Amino acid sequence: MGRKMLILYGSQTGSAQEVGERIFRQASRRNFSPQISSMDAYDRANLINEEFVIFVASTTGDGDPPDNMRVFWKFLLRKGLP
């Protein structure tokens, strides 16, 4: 079992998800132990315990965050992060 890796994606049309899945496959081939999730499906309380995180995001419309990362994005913008 290799080094842990978390891949979080935010995607409206699936482009960022596809990139995240490609990273997942490549990481698996290189002896990482990757996990993948949309940003909003991931339990943000666990983020501080992650060793290695890759964020993949696309924008929609006029640079707005995709629907499946809106809550996560607001969390990251907080001033009082742990």
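It should be emphasised that the depicted structure is a prediction, and the values quoted were computed from it without experimental measurement.

Peer 1: It is not clear to me how the overall build of the protein chain should be interpreted in this structure. Could you clarify?
Peer 2: Helix and strand counts for the protein chain come out as 2 helices and 3 strands. The C-alpha atoms of the protein chain give 13 Å as radius of gyration, which agrees with the globular expectation for 82 residues (12 Å, within 12%). With the principal axes as the frame, the protein chain shows a C-alpha extent of 40 × 30 × 15 Å. Burial analysis of the protein chain (82 residues in total) assigns 29% to the buried set. Long-range contacts, defined here as pairs at least 24 residues apart, represent 75% of the contacts in the protein chain between residues at least 6 apart. Accessible area of the protein chain: about 5,500 Å², with a carbon and sulfur share of 49%. Charge separation in the protein chain, taken as the distance between the mean sites of 11 positive and 9 negative side-chain charges, equals 6 Å.

Peer 1: So what exactly am I meant to see when it comes to the confidence of the model for the protein chain here?
Peer 2: Reading fine detail from the predicted coordinates is not recommended where pLDDT is low. Per-residue pLDDT for the protein chain has a mean of 91; in total, 96% of the residues score no lower than 70. Predicted confidence in the protein chain is weakest over helix α2 (residues 70-76), with a mean pLDDT of 86, and strongest over helix α1 (residues 15-29), with 97.

Peer 1: Is there a simple way to think about the packing of aromatic side chains in this case?
Peer 2: When we look at a pair of aromatic rings, we describe it by the centre distance and by the angle of the planes. What the rule picks out here adds up to 3 aromatic pairs. With centroids separated by 6.0 Å and ring planes inclined at 45 degrees, the aromatic side chains of Phe32 and Phe52 adopt a geometry described as tilted. In this pair, Phe32 is assigned in strand β2 (residues 32-38) and Phe52 in the loop between β2 and β3 (53-57), connecting sequence segments 20 residues apart. Residue class for Phe52 comes out partly exposed when judged on its relative accessible area of 27%.

Peer 1: It is not clear to me how unusual backbone geometry should be interpreted in this structure. Could you clarify?
Peer 2: Comment: phi is negative for the bulk of residues other than glycine, and the bulk of peptide bonds are trans. For Asn31, which is not glycine, the phi dihedral falls at a positive 65 degrees. Relative to the assigned elements, Asn31 resides in the loop between α1 and β2. Asn31 sits in the exposed class, given a relative accessible area of 63%.

Here is what the cut-offs are and how they apply
Residues numbered from 1 in each chain as written. Predicted model: local features only at pLDDT ≥ 70, side-chain atom pairs only at ≥ 80, totals over all residues. Heavy atoms only, no water. Helix = DSSP H or I, 4+ residues; strand = E, 2+ residues; numbered from the N terminus. Rg over C-alpha atoms; globule rule 2.2 N^0.38 Å. Buried < 20%, exposed > 50% of the residue type's maximum accessible area, 1.4 Å probe, protein only. Contact = heavy atoms within 4.5 Å. Areas by Shrake-Rupley, 256 points an atom, 1.4 Å probe, with all protein chains shown as cover. Lys, Arg positive; Asp, Glu negative; His and termini not counted. Charge placed at Lys NZ, Arg CZ, Asp CG, Glu CD. pLDDT = per-residue confidence, 0-100. Phe/Tyr/Trp six-rings, centres within 6.5 Å; stacked < 30°, edge-to-face > 60°.

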